[in-house]
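# Structural overview for review
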Amino acid sequence: MPWKRRPNARTTLERARNIADLRGLARRRVPGLAFEYVEGGAEDESALRGNRAALERLQLVPQTLIDTSRRQLRTAILGAPAEAPLVIAPTGLNNMLHPQGDLVLARCAARRGIPFTLSTLSTTRLEEIATGAGGRLWMQLYVFKDRAIARDIMQRAAAAGYEALVFTTDANVFGSREWDQRNFSAPGRPTPRAALDTLRHPRWLYDMLVRHGIPRFRNVEAFLPPGKASAVGGSTVLPGLFEASITWDDIAWIRQFWRGKLLLKGVLTAGDAERARALGCDGIVLSNHGGRQLDYCVAGIDALPEIAATVGRRMSLIVDGGFRRGSDVIKALALGAEAVMLGRATLYGLAAGGEPGVARALEMLCTETDRVLGMLGCNAVSELGAQHVHRA
Ligand SMILES: Cc1cc2nc3c(=O)[nH]c(=O)nc-3n(C[C@H](O)[C@H](O)[C@H](O)COP(=O)(O)O)c2cc1C
C-alpha cells in the first residue's frame, strides 16, 4: 500500500508531503509502545488493512471541461456550517503522543473550522477543552458498567456547551490489540525491550515523566480506583469497565441526560441506521473503530452505499476508517457521506510535530480534497455523486 512506504530519513515536518510522511516522522518521534498503541488493530488486523483496501478498490471518474475556478470545500455537518467535510475522531490517551494532545487537536480543528470530538478516555478534562480551544466540540460517550460515569460525562458536556454527543456502540466488549499487548509483560508493565526503546526517546520521556507527568484519564478519574487513573495503572482496569449489556433501550436512557445532537458511532447496517433514525438520532458514524475492535469487520466505506440509499439525507452520515488522502475523502462524499472522521491521520501529525504537525495534516488533507474536487469537475462537495466513483 503506497501510504505504508518508508519516508526518506531526512523528512522533516516542512518537507513532509503527505500523511504517510507524517506517519514516518511520528514513528521516529515517539517510542514504539506509544506508536503501536496508535497503529495497532485487533487480532489479525484484517479489518485494519481492509479499511485501506476498501478505499483503494474505488476509482474516481472525472467529468471534463468544466470551469472549477470557484471551487470551495465549505459544507454543512450536522446542520451547521463547516469549512471542510472533516471531523476529528475521538481517540483516547492523546497526551501520550504530545503533552497537550487533546488541546492541540481541538485548537487545530477550531482554527480549520471543523468539529473536534473528545474521547471519554481523553487525558484532558472536557471543561478544559471548552475553555482552551472553543470551536465546535463533540463529546464521545462510552457507557460503562458504572452508569454514573456516563451520566457525569453527559451532564458536564451539556454544562460546558458541547454541541453533540457521539455514543460509541462498537465497544460493548473490549477489542484485543495483540501488537499493543506485546510491548507489556503484564498490563501497565513494559517489557525490558519496550522500556529500552523508550529510553532511546529522551525528549518524549522528559515531557511525559518530568515536565507533565504520565497522562491520566482526566474525564473519568474520579470513578477509578486509587492509583488507576494514569495511562499505566488505567490499562489494568479499563478493559473491565466496558459494558456488554448496552442495547437500543439505552438511547432513551441517554436522552434523559442529553438534549443536544446525538450520533451513534459503530453503525454498519442499513437496518441499524434506520433504527437509529427512528429513535431520533441525528446522525451515525459508519465505523469499525479503525479496525481496533471486531477483526474482519466490514469497512465503513463499504457499508456506506446501502445505508445512504436507505436513510438518504434524513440523517447525517459520517464515515471513518483508513482515510489518509483527499481522494479518500472525496470517495466517501460521492457515496453519500456528509463528512469523514479522521483518527490516525491527525494523530500522526500530533506525534510528528504537535500543533504545527496537526495543522500540517489538516492542511494536506484539505489541499488534496480541493485538488481532487477540481479534477473531477466540481466546484462544491454538494456536486459529488455516485457517478464520480467506480468500483474496481
Ligand atoms: C489511538 C486510538 C484511540 C481511539 N480511541 C477511541 C475512543 O476513545 N473512542 C472511540 O469511539 N473511538 C476511538 N478510536 C477510534 C476512532 O474514533 C476512529 O473510529 C478510527 O481511528 C478511525 O480510523 P482511522 O484511525 O483509520 O482514521 C480510537 C482510535 C485510535 C487510533
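Before reading further, recall that the structure is shown in the block above.
Nothing here was measured: the structure is a model prediction, and the numbers come from that model.

This paragraph deals with the site of the ligand. In the region of the ligand, 22 residues are neighbours, and Pro90, Ser119, Thr168, Asp320 and Gly322 sit closest. Gly92 places a polar main-chain atom, nitrogen or oxygen, 3.1 Å from a nitrogen atom of the ligand. Take Thr168: an N or O atom from its side chain is 2.7 Å from an oxygen atom of the ligand. Relative to its unbound accessible area of 600 Å², the ligand is 98% covered by the protein chains. Residue assignment for the shell around the ligand shows that the elements contributing at least two residues are helix H2 (32-39) and helix H15 (344-376).

To continue, consider the packing of aromatic side chains. Overall, the coordinates contain six aromatic pairs when judged by the stated rule. Aromatic side chains Trp253 and Phe257 sit 5.3 Å apart centroid to centroid with 65° between the ring planes, which places their arrangement in the edge-to-face category. You can see Trp253 and its partner Phe257 sitting in helix H11 (residues 249-257), four residues apart, about one turn around the helix. Side by side, Trp253 and Phe257 carry an identical accessibility label, which is buried. Each residue in the set Tyr142, Phe144, Phe174 and Phe242 is aromatic and connected to the rest through ring pairs, giving one cluster. Here the basic side chain of Arg147 rests over the ring of Trp253, its NZ or CZ set 5.0 Å away from the ring centre. For Arg292, the ring lying beneath its charged end belongs to Tyr37, and the centroid distance is 5.1 Å.

This next bit is on a nonpolar patch on the surface. Together, Tyr206, Leu209, Val210, Ile214 and Val232 make up an exposed nonpolar region whose accessible area comes to about 450 Å². A per-element tally of the nonpolar patch places helix H9 (residues 202-211) first, with three residues. Within the secondary structure, Ile214 is located in the loop between H9 and helix H10 (231-237).

Before going further, it helps to examine the pattern of salt bridges. In the structure shown here, the tally under the stated rule is 22 salt bridges. The residue Arg156 makes a salt bridge to Glu127 at a minimum N-O spacing of 2.7 Å. One end of the pair, Arg156, is in helix H6 (residues 147-159); the other, Glu127, is in helix H5 (residues 126-132), and 29 residues separate them in sequence. Judged by relative accessible area, which is 12%, Arg156 ranks as buried. On the basis of relative accessibility, which here comes to 25%, the residue Glu127 falls in the partly exposed class. The shortest N-O distance in the salt bridge between Arg216 and Glu221 comes to 3.0 Å.

With that settled, the discussion passes to the packing of H6 against H11. The contact between H6 and H11 brings their axes to 9 Å, and the two run at 45°. Regarding the angle of H6 to H11, the classification is oblique. The hand of the H6/H11 crossing is right-handed. Listed contacts from H11 to Arg147, Ala150, Arg151, Met154 and Gln155 of H6 are Asp250, Trp253, Ile254 and Phe257.

Okay, helix H13 (residues 300-311) next. Among the residues of H13, Gly300, Ile301, Ala303, Leu304, Ile307, Ala308 and Val311 are the ones counted as buried. All buried residues of H13 fall inside an arc of 135° around its axis, so they share one side. The exposed set on the far side of H13, more than 90 degrees from its buried face, consists of Glu306 and Ala309. Where H13 is buried, its residues contact helix H3 (46-56), strand S1 (58-60), helix H12 (270-278), strand S11 (283-286), strand S12 (316-320) and helix H14 (326-334). Phi for Gly312, located one or two positions after H13, is positive at around 50°.

Parameters and conventions
- Residues numbered from 1 in each chain as written.
- Predicted model: local features only at pLDDT ≥ 70, side-chain atom pairs only at ≥ 80, totals over all residues.
- Heavy atoms only, no water.
- Near = heavy atom within 4 Å.
- Polar contact = N/O pair within 3.5 Å; in protein donor to acceptor, adjacent residues only side chain to side chain.
- Areas by Shrake-Rupley, 256 points an atom, 1.4 Å probe, with all protein chains shown as cover.
- Helix = DSSP H or I, 4+ residues; strand = E, 2+ residues; numbered from the N terminus.
- Phe/Tyr/Trp six-rings, centres within 6.5 Å; stacked < 30°, edge-to-face > 60°.
- Buried < 20%, exposed > 50% of the residue type's maximum accessible area, 1.4 Å probe, protein only.
- Lys NZ or Arg CZ within 6 Å of the ring centre and 35° of its normal.
- Patch = residues over 30% accessible without salt bridge, like charges linked within 9 Å, V, L, I, M, F, W, Y side chains within 5 Å.
- Salt bridge = Lys/Arg side-chain N within 4 Å of Asp/Glu carboxyl O.
- Axes fitted to C-alpha atoms, helices over the stretch in contact; angles between N-to-C directions.
- Parallel < 35°, antiparallel > 145°, perpendicular 65-115°, else oblique.
- Left-handed = near helix turned anticlockwise from the far one by under 90°.
- Contact = heavy atoms within 4.5 Å.
- Arc of directions from axis to C-beta.

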